[in-house]
Amino acid sequence: QVQLVESGGGLVQAGGSLRLSCAVSGRTFSSYAMGWFRQAPGKEREFVAAINWSGGNTYYADSVKGRFTISRDNAKNTVYLQMNSLKPEDTAVYYCAGSRLAGVQTYEPNYKYWGQGTQVTVSS
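Residues numbered from 1 in each chain as written. Predicted model: local features only at pLDDT ≥ 70, side-chain atom pairs only at ≥ 80, totals over all residues. Heavy atoms only, no water.

A. Spatial organisation of the pattern of salt bridges. All told, the structure shown has five salt bridges when counted by the stated rule. Note that E46 is salt-bridged to R38, the shortest N-O span being 2.7 Å. Here D90 and R67 are joined by a salt bridge, their closest N and O atoms 2.7 Å apart. Taken together, the residues D90 in the loop between β8 (78–83) and β9 (92–99) and R67 in the loop between β6 (58–60) and β7 (68–73) connect sequence positions 23 residues apart. The class of D90 is buried, set by a relative accessible area of 1%. Three or more residues are tied together by salt bridges with common partners; here these are R38, E46, R67 and D90. (Salt bridge = Lys/Arg side-chain N within 4 Å of Asp/Glu carboxyl O. Helix = DSSP H or I, 4+ residues; strand = E, 2+ residues; numbered from the N terminus. Buried < 20%, exposed > 50% of the residue type's maximum accessible area, 1.4 Å probe, protein only.)

B. Just the sheet that holds strand β3 (residues 18–25), in detail. Taken in spatial order, the four strands make up an open sheet running β1-β3-β8-β7, and their pairing is antiparallel. Both edges of this open sheet fall to β1 (3–7) and β7, since each of them pairs with a single strand only. Between one strand and the next, the sheet's axes are offset by a mean angle of 15°, whatever the strand orientation. Across five bridges, the pairing between β1 and β3 is antiparallel. Residue pairing for β3: L4 is matched across the bridge by V24. (Pairing = 2+ DSSP bridges. Axes fitted to C-alpha atoms, helices over the stretch in contact; angles between N-to-C directions.)

C. Region of interest: the state of the cysteines. What the rule picks out here adds up to one disulfide. In this model C22 forms its disulfide with C96; the gap between the sulfur atoms is 2.1 Å. The sign of the -80° torsion about the S-S bond sets the C22-C96 disulfide as left-handed. With C22 in strand β3 and C96 in strand β9, the pair connects residues that are 74 residues apart, well separated along the chain. With respect to burial, C22 and C96 carry one shared label: buried. (Disulfide = S-S within 2.5 Å.)

Here it is, written out as structure tokens:
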């Protein structure tokens, strides 16, 4: 049974920072790409950031490039999303996702495993 559990969400003022964590259990974490997606109220879920199996390759949505950083610690089976310079438009439920592929994945159907989501709210 594969489980992804996110943590670190919360309420922050615009310009602030948050660090999301996603702990993975039940699979060989270090062999597969991981990603973060988000869904704002009334909108479809969208890609935020992705990282390959080793952590050596990352990719970001244009809306977060330069502000967010994805990383992973394969020894701890955990992937992180450091979010800086947060904006009200970053408000959403953030989901961690696990792929069945090793390389960076931006296409949502390439992710098989999903966490329950964590709420991030940025006030203006």
